[in-house]
Amino acid sequence: RILLMPGTKEIRMKIRSVQNTRKITKAMEMVAASKMRKAQERMRHARPYGEKIRNVAAHISHANPEYRHPFLVDRDSVKRVGIIVITTDKGLCGALNTNLLRLVLAQYKEWQAQGEEIEVCALGNKGFGFMQRLGAKIVSHAVQLGDRPQMEKLIGAVKVMLDGYTADRFDRLVLAYTRFINTMKQEPVVEQLLPLAGERLGAPESVWDYLYEPEARAVLDQVMTRYIEALIFQAVSENMASEQSARMVAMKAAPDNAATLSDELTLVYNKNRQAAITKELSEI
């Protein structure tokens, strides 16, 4: 394509354009690196809270067998599924969203093939747009989440799904997000949120006795709801740390590719210029 360019002016403009893009992506890489450190710190700070509330929820679920919370009870049949899809609001973060949405799409088609009805909650602009294009039944969404997770932005969309599960609108609630492993590796996961599986909640080493005030039902309702909210909040934190890491890596690759392209274009430009000079000399 480059060799067929009519003159040196177009190549010169192309080189300038590539160099400008390189400056922008270099700046974006530095911004993403700064945000990545903060996002990772927030995610690590949220982990102990999530672990503690999981521990409390596990103890309470084992300590009071006479009242089984709806979140802990397995349904006999699964004919309807709710899924919470957590993606980013912005692009330019490599294949982060693509990998997750590909995984969600495969699962979605599998559920459809089994004749299951699917309701979707989309957290993040990319997932919301994807689900709209797919023609999925979106019952709630939250976009423009910003650089730090805030529960007040998530709570409305999440509550719609929790209420739907409690009201038997669907029999299983699934969570899809990108888990942060390290700066270079992020893993898309689709995991069951409700009913709470044994391995997710865990079994306490010793069972505590509780005195409930006002009653077991009211306390369990609060604790279980807070636990699920904590899990979703942690998933959003992990997704945001993954986003900044993926963006930094993508924006690191972009200036390198731009430099290579710029060198190739400069070579073509010099060849064209040399050919033009040789032609003029031969004409003289």
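Notes on the structure in this doc start here.

Thresholds applied
- Residues numbered from 1 in each chain as written.
- Predicted model: local features only at pLDDT ≥ 70, side-chain atom pairs only at ≥ 80, totals over all residues.
- Heavy atoms only, no water.
- Helix = DSSP H or I, 4+ residues; strand = E, 2+ residues; numbered from the N terminus.
- Expected span 1.5 Å × (residues − 1).
- Buried < 20%, exposed > 50% of the residue type's maximum accessible area, 1.4 Å probe, protein only.
- Arc of directions from axis to C-beta.
- Contact = heavy atoms within 4.5 Å.
- 1 Å grid on protein atoms, 1.4 Å probe; cavity = no way out; pocket = protein on both sides within 12 Å on 5 of 7 lines; lining within 4 Å.
- Points joined across faces, edges and corners; volume = space filled by probe spheres on them.
- Nonpolar A, V, L, I, M, F, W, Y, C, P; charged D, E, K, R; others polar.
- Patch = residues over 30% accessible without salt bridge, like charges linked within 9 Å, V, L, I, M, F, W, Y side chains within 5 Å.
- Areas by Shrake-Rupley, 256 points an atom, 1.4 Å probe, with all protein chains shown as cover.
- Salt bridge = Lys/Arg side-chain N within 4 Å of Asp/Glu carboxyl O.
- Pairing = 2+ DSSP bridges.
- Axes fitted to C-alpha atoms, helices over the stretch in contact; angles between N-to-C directions.

1. Remarks on helix α2 (residues 96-113)
Taking 1.5 Å per residue as the helical rise, α2 with its 18 residues ought to reach 26 Å, and the 26 Å between its terminal C-alpha atoms agrees with that figure. For α2, the complete set of buried residues consists of Leu 96, Asn 97, Leu 100, Leu 101, Val 104, Tyr 108 and Trp 111. Seen along its axis, α2 keeps its buried residues to an arc of 90 degrees; they face one direction. Turned more than 90 degrees away from the buried face of α2, the exposed residues are Arg 102, Lys 109 and Ala 113. Turning to α2, the residues buried within the fold contact β1 (80-86), β2 (117-123), α3 (125-134), β4 (172-182), β5 (185-194) and α6 (216-283). Directly after α2, the chain includes Gly 115, whose backbone phi takes a positive value near 80 degrees.

2. Some details on the layout of surface pockets
Its boundaries defined by the atoms lining it, the second largest pocket holds a volume of some 220 Å³. Contributions of two or more residues to the lining of the second largest pocket are made by α4 (151-166) and α6. No other element matches α4, which puts five residues into the lining of the second largest pocket. When grouped by side-chain class, the residues that make up the lining of the second largest pocket number five nonpolar, three polar and five charged.

3. Focus: a nonpolar patch on the surface
Among the surface-exposed residues, Ile 277, Leu 281 and Ile 284 lie close enough to one another that they form a single nonpolar patch of about 370 Å² accessible area. Residue Ile 284 is classed as exposed on the basis of its relative accessible area of 86%.

4. A closer look at the sheet that holds β4
Taken in spatial order, the five strands line up as β3-β2-β1-β4-β5 in an open sheet, and their pairing is mixed. Looking along the sheet, the strands with just one partner apiece sit at the ends: β3 (137-142) and β5. Mean inter-strand twist for the sheet, computed between neighbouring axes without regard to direction, equals 20 degrees. Here five bridges tie β2 to β3, and the two strands are oriented parallel to one another. Residue Ala 122 lies in a different strand from β3, and its bridge partner there is His 141. Against the sheet, α3 touches β1, β2 and β3, its axis set at about 165 degrees to β3.

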